[in-house]
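Summary of the model geometry
So you can see what is in the structure, the chains are spelled out below.
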Amino acid sequence: MSVTWNIHPGTAITADEGDEAPDSSPLSINLGASVQSILSAIKKDDEDRFPPIDLSWSQQDQFGRPIVLSLPKNGLRLQFDGADQRLRLIEITDFTKLSLKYSGSELVKESEGSMSPLFKRVYRLFGASFPGEYMPPVDGKLVGIYVLGWPGVAISFPVEHAVGLQEKDHVALLGSRVTSPADKLAIFEGKTWKDARKQLFVSVIGGPRNSALVSRPFDKLPNEIENARINPNEGDIILSRRFPAPPFVLHLNVTTPQDLITELGAPDTKFKMKTPVHDLTANAKKNGARRGSEVKSPPSSYSSTNTDTFDTDFDSADADDDGDRHHRDTYLCYFSHGMDILVGAADDGHLVVKRVVIHGNLPGSAAFNRHRRLRWTMEFDSDSAVNNRVLHSEAHFEKDIKPELLTAYPDAARDPQTAMGRVINRCWDDNASESSFFLPDQDRSLTGGGDGEQEGKWLGNVRLFQFPGLMFEVGKTGGVVAVYVGGD
């Protein structure tokens with residue numbers, strides 16, 4: 001089923017309302033949206049419209065190189081920056097796989113005898129423009145590319161190469177026989193493509209991470225969190241929010257669930273832990289230290305997998321069960337904020353925040369696409385040994401973060417398990433359904449896997465590094481999958 005998209009230069013493409021079910025809102029792909037927001041929206045859509053989804057990223061430079069989401073059957077390619085995972089570029093790569101409209105008019109008319117946009121049609125719809133940019137052919141090819149742009153949108157036309165082509169009037173050139181119909185279209189944020197592409201993946205972008213904020217009133221949704229600043233010595237996490245909202249300071253063992261709902265909105269879901277967090281932490285220190293051993297660990301973010309298998313990690317907070325469940329610690333899960341927040345009873349019986357889990361949403365990790373990525377920095381007190389250096393979410397754990405933490409916590413540095421980390425294995429559960437994972441927070445042994453069947457289900461390892469008041473889940477590329485604050 002072909003989708004008709006409306007072009008909004010510099011902003012988005014939106015599915016035509018005629019393609020949507022009566023009770024659903026049109027699918028919108030907005031610049032600035034998070035990869036988690038876009039992927040979740042596409043996965044919820046009709047599989048007939050979006051059959052295959054290809055995701056690629058760089059394991060060597062996962063934060064410096066873009067994440068590319070391709071929809072080959074739909075002629076779309078979306079590029080996100082690696083550090084913040086926000087949509088920077090929308091590309092139409094195959095005009096035969098979709099229909100496009102601009103200001104209510106079709107970009108391609110079958111009556112004109114072409115399956116791709118003709119220059120005359122483009123010029124009529126978008127209006128006059130300044131001369132574009134001609135890129136001569138390479139590797140002995142005979143066809144170059146002429147990119148013509150308007151604010152927020154650029155369209156490329158294949159042109160037969162000839163000497164002196166750059167000096168010709170662009171309107172006459174693109175309207176002549178040497179120019180073929182357009183082969184690509186790009187939507188970006190900026191006045192011109194030539195200027196925008198220089199800072200495309202690092203410039204400040206205006207659109208929100210949550211596409212719902214575009215179509216719904218801001219007062220109906222919680223303010224978007226830009227980043228988190230962690231002070232492990234004080235047990236504080238400062239959440240910087242989208243202007244003009246002020247920061248929200250989250251205090252461990254002080255902030256209440258009502259504070260969270262007031263400032264962050266209602267959680268997307270909540271789950272009660274099967275075992276209190278302090279018991280799990282003690283068991284984890286006591287048990288799993290090597291691959292293949294029994295590992296008991298808190299079923300928070302690093303036990304997360306796909307968005308539709310979340311209930312394999314926890315007991316539902318809404319399920320009817322014995323009265324002792326009311327005394328269990330409960331995770332408030334904020335997928336769109338990139339956090340899980342554990343609340344439990346303080347010594348006086350009041351509910352307070354006991355732990356905060358900040359997600360990195362690294363592609364290739366078991367928890368990918370459950371939460372959006374939340375960037376963080378970590379600052380120590382002025383008398384700390386690492387006060388001259390701010391740790392951050394894009395740093396390599398082994399090379400940059402761990403050495404600083406071992407300096408800051410000399411007692412922990414003397415523990416060989418702290419320096420090496422605990423291995424947590426990821427594999428499919430042999431006894432579970434196809435859509436669920438075996439999670440290493442259950443009282444079962446983990447096996448390394450050697451036979452072909454087990455090897456095909458293997459997801460790889462992550463390591464847990466624990467310091468006073470902090471725990472890091474680290475992927476095989478050295479990126480931080482999640483950081484846990486509190487919960488000792």
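Above this text you will find the structure in question.
A quick note: this is a predicted structure, and the numbers were derived from the prediction, not measured.

Side note on the overall build of the chain
Counting its regular elements, the chain contains eleven helices and 28 strands. Put simply, the chain has 488 residues, and 51% of those count as buried. Across the chain, the fraction of contacts at a sequence separation of at least 24, relative to all contacts at a separation of at least 6, is 56%. Working note: accessible area of the chain is about 23000 Å², and carbon and sulfur atoms make up 49% of it.

A closer look at the pattern of salt bridges
Summed over all chains, the structure comprises 19 salt bridges. Between Arg49 and Asp45 there is a salt bridge, and its shortest N-O distance comes to 2.8 Å. The residue Arg209 makes a salt bridge to Glu226 at a minimum N-O spacing of 3.1 Å. One end of the pair, Arg209, is in the loop between helix 4 (193–196) and helix 5 (212–215); the other, Glu226, is in strand 14 (residues 225–231), with 17 residues separating them in the sequence. We classify Arg209 as buried; its relative accessible area is 3%. Its relative accessible area of 22% is what places Glu226 among the partly exposed residues.

Focus on helix 2 (residues 119–126)
Every buried residue of helix 2 is listed here: Phe119, Arg121, Val122, Leu125 and Phe126. Here the buried residues of helix 2 occupy an arc of 160 degrees about the axis, which is enough to place them on one side. Exposed positions of helix 2 whose direction lies more than 90 degrees from the buried face are Lys120 and Arg124. Residues of helix 2 that are buried sit in contact with strand 8 (99–102), strand 9 (105–106), strand 11 (143–150), strand 12 (153–160) and helix 3 (170–174). Phi turns positive, to about 90 degrees, at Gly127, one or two residues after helix 2.

Looking at the pairing of strand 28 (residues 480–486)
Where burial is concerned, most of strand 28 is hidden: seven out of the seven residues are buried. Judged from the five bridges that link them, strand 21 (residues 351–359) and strand 28 form a sheet pairing that is antiparallel. If you follow Val356 over to strand 28, its bridge partner there is Val485. Sheet analysis places strand 27 (residues 470–474) next to strand 28, joined by five bridges and oriented antiparallel. Within strand 28, the position partnered with Val474 by the bridge is Val480. Remark: five residues form the turn of the hairpin made by strand 27 and strand 28, two consecutive strands paired antiparallel; Gly478 in that turn has positive phi of roughly 95 degrees.

Describing the environment of Trp193
Residue position: Trp193 is located in helix 4. With 61 residues separating them along the chain, Trp193 and Gly132 place their C-alpha atoms 9.2 Å apart.

A short note on the sheet that holds strand 6 (residues 76–80)
With antiparallel pairing, eight strands are arranged side by side in an open sheet as 4-5-6-7-13-12-11-10. Among the strands making up the open sheet, the edge pair consists of strand 4 (54–56) and strand 10 (133–135). Pairwise comparison of adjacent strand axes, ignoring direction, gives a mean angle of 20 degrees for this sheet. In the sheet, strand 7 (residues 87–92) pairs with strand 13 (residues 184–187) via three bridges, with the strands oriented antiparallel. Bridge assignment links Ile92 to a residue of strand 13, and that residue is Leu185. Each of strand 5 (67–71) and strand 6 touches helix 1 (residues 35–44); the most contacted strand, strand 5, lies at about 15 degrees to it. This element, helix 2, spans strand 11 and strand 12 of the sheet and lies at about 155 degrees to strand 12.

Comments concerning the packing of aromatic side chains
On inspection of all chains with the given rule, the structure shows ten aromatic pairs. Centre to centre, the rings of Trp5 and Phe50 are 6.3 Å apart; their planes meet at 55 degrees, and the pair counts as tilted. With Trp5 in strand 1 (residues 4–8) and Phe50 in the loop between helix 1 and strand 4, this residue pair connects regions lying 45 residues apart in the sequence. Ring geometry for Phe119 and Tyr123: centres 5.3 Å apart, planes at 40 degrees, overall tilted. Separated by four residues within a single helix, Phe119 and Tyr123 lie in helix 2, roughly one turn from each other. Since its relative accessible area comes to 26%, Tyr123 is described here as partly exposed. Clustering of aromatic rings is evident, with ring pairs tying together Trp376, Phe397, Phe465 and Phe472.

A few points about the sheet that holds strand 1
Read across the open sheet, the five strands follow the order 3-2-1-8-9; overall the sheet is mixed. Two strands close off the open sheet at either side, each with one partner strand: strand 3 (28–30) and strand 9. As paired elements, strand 8 and strand 9 share two bridges and run antiparallel to each other. Counted as the bridge partner of Tyr102 is Ser105 from strand 9.

Notes on helix 8 (residues 397–408)
Along helix 8, the residues that are buried comprise Phe397, Ile401, Lys402, Glu404 and Leu405. For helix 8, the angular spread of buried residues about the axis comes to 160 degrees, placing them on one side.

Some words on the nonpolar core
Considering soluble globular proteins, one finds that nonpolar side chains tend to be buried as a cluster. Among the nonpolar cores identified, the biggest contains 47 residues, and Trp5, Ile29, Leu107, Phe126 and Leu185 are the most heavily contacted of them. Grouped together as the second largest cluster of nonpolar side chains are 37 residues, Ile225, Ala228, Leu264 and Phe472 included.

The rules we used
- Residues numbered from 1 in each chain as written.
- Predicted model: local features only at pLDDT ≥ 70, side-chain atom pairs only at ≥ 80, totals over all residues.
- Heavy atoms only, no water.
- Helix = DSSP H or I, 4+ residues; strand = E, 2+ residues; numbered from the N terminus.
- Buried < 20%, exposed > 50% of the residue type's maximum accessible area, 1.4 Å probe, protein only.
- Contact = heavy atoms within 4.5 Å.
- Areas by Shrake-Rupley, 256 points an atom, 1.4 Å probe, with all protein chains shown as cover.
- Salt bridge = Lys/Arg side-chain N within 4 Å of Asp/Glu carboxyl O.
- Arc of directions from axis to C-beta.
- Pairing = 2+ DSSP bridges.
- Axes fitted to C-alpha atoms, helices over the stretch in contact; angles between N-to-C directions.
- Phe/Tyr/Trp six-rings, centres within 6.5 Å; stacked < 30°, edge-to-face > 60°.
- Core = buried A, V, L, I, M, F, W, Y, C linked by side-chain atoms within 4.5 Å.

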